[in-house]
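Examining the three-dimensional arrangement
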Amino acid sequence: MIDLEPSEIVIGTARKHWFIFVVEIFFILAAAVIPLLIVFFFADTLEQFVLEPLKIKNLDQSLLLFGYWLWLLILWIVMALIWTDYYLDVWYLTNQRIIAVEQRGLFHRKISTFRLEMIQDTTIEIPGILATLIGYGNLQIQTAGQNEKFTIRGVNRPQRVNEIITREYHRAREALREVRIAADNSTEKSEWK
Amino acid sequence: MVSGIPWIIFFVAIIGWSIFSVVFLFHWRHYSRQSKPTILAEMIYFVVSITLIGLILNTLNWKEFYSIFFNQ
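All of the points below concern the structure found in this document. (Residues numbered from 1 in each chain as written. Chains lettered and ligands numbered in written order. Predicted model: local features only at pLDDT ≥ 70, side-chain atom pairs only at ≥ 80, totals over all residues.)

1. Considerations on the overall build of chain A
- A count of helical and extended segments in chain A gives five helices and seven strands.
- Mapped from its N terminus to its C terminus, chain A presents α and β elements in the order β-α-α-α-β-β-β-β-α-β-β-α.
- Over its C-alpha trace chain A gives a radius of gyration of 26 Å, far above what one expects of a compact globule, namely 16 Å for 193 residues.
- By its C-alpha atoms, chain A is 100 × 35 × 25 Å across when sized along the principal axes.
- Out of the 193 residues in chain A, the part that is buried amounts to 17%.
- Long-range contacts, defined here as pairs at least 24 residues apart, represent 56% of the contacts in chain A between residues at least 6 apart. (Helix = DSSP H or I, 4+ residues; strand = E, 2+ residues; numbered from the N terminus. Rg over C-alpha atoms; globule rule 2.2 N^0.38 Å. Buried ≥ 20, exposed ≤ 12 C-beta atoms within 10 Å, placed from the backbone. Contact = placed C-beta atoms within 7 Å.)

Following this line, the structure appears as structure tokens:
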């Protein structure tokens, strides 16, 4: 969970597009189906090139099923990892800052925060025809801090996310300007006393 | 089954799955807000996992299990 400051509220969240998740899952599904295709369509080839050289005769059907269910269990665990990476990779936009959470596997998690008024410029990249049609892209934010660049890849509706961030950036700058003017005025008054 | 190797593989897989599941559940409970999608994801994960473990168990030879682990 993300710890927010007392006056801080979450305005929105930005996640990767569902298409990114679906593409990764497609490979898992392919890996699940390929053993079945091999057994059904290439049984003769399998016997000739794998079973005969290994001197295996009359392969037990329950052993094949055992191997297949075990393979599916492994794939299911990999899928859970992909889901965790997809779901917990998120940017929180608050009224004060952006909190970028990057999940890399189960044990590697990186949380970066930067204040909205630190933003210098933003870049949107739409990489290709699929990204254009489906509506995802990469959003890069350059800040004045030590970690200069923050990137979220494959984010859903990057233009919309960028609009909201820019709007909140202007609001934060305006609020900061008002605080500075008020501070300057109070300093001037105390100097005249 | 001709040997007890599948049973040994099964127990190694169960230990691996259990460790992964505990870490996985910790992540979801700790890092994500407990909303409907996260609870649903946890439920789907465990229902499918337990079904697959049941299917694996169904292919194993229980007589062999007793002969290996209880010398019967």
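From this point, the discussion proceeds with the structure in view.
2. Things to note about helix H3 (residues 61-88) of chain A
- If you check H3 of chain A, its first and last C-alpha atoms are 40 Å apart, about what 28 residues at 1.5 Å a residue would give, namely 40 Å.
- Within the sequence span of H3 of chain A, burial applies to Phe66, Trp69, Leu72, Leu73, Ala80, Thr84 and Tyr86 of chain A.
- Structurally, H3 of chain A contributes buried residues whose contacts are with helix H1 (18-41) and strand E3 (97-104) of chain A together with helix H1 (5-31) and helix H2 (36-59) of chain B. (Expected span 1.5 Å × (residues − 1).)

3. A look at the interface of chain B and chain A
- Residue-level contacts link 22 residues of chain B with 18 residues of chain A.
- When residues of the side of chain B that touches chain A are traced back to their parent elements, those giving at least two are H1 and H2 of chain B.
- Here the residues of the side of chain B that touches chain A sort into 17 nonpolar, four polar and one charged. (Nonpolar A, V, L, I, M, F, W, Y, C, P; charged D, E, K, R; others polar.)

4. What to know about the environment of Tyr92 of chain A
- Counting through the fold element by element, Tyr92 of chain A comes out in strand E2 (residues 90-94).
- For Tyr92 of chain A and Ile11 of chain A, which are 81 residues apart along the polypeptide, the C-alpha to C-alpha distance reads 7.7 Å.

5. Structural notes on the pairing of E2 of chain A
Residues and elements named next belong to chain A.
- Across five bridges, strand E1 (residues 10-15) lies against E2 in antiparallel orientation. Bridge pairing in E2 places Ala14 opposite Trp91.
- Summarising the sheet, E2 and E3 pair through four bridges and their orientation is antiparallel. Bridge pairing in E3 places Val90 opposite Val101.
- In this structure, the hairpin formed by E2 and E3 is closed by a connection of two residues. (Pairing = 2+ DSSP bridges.)

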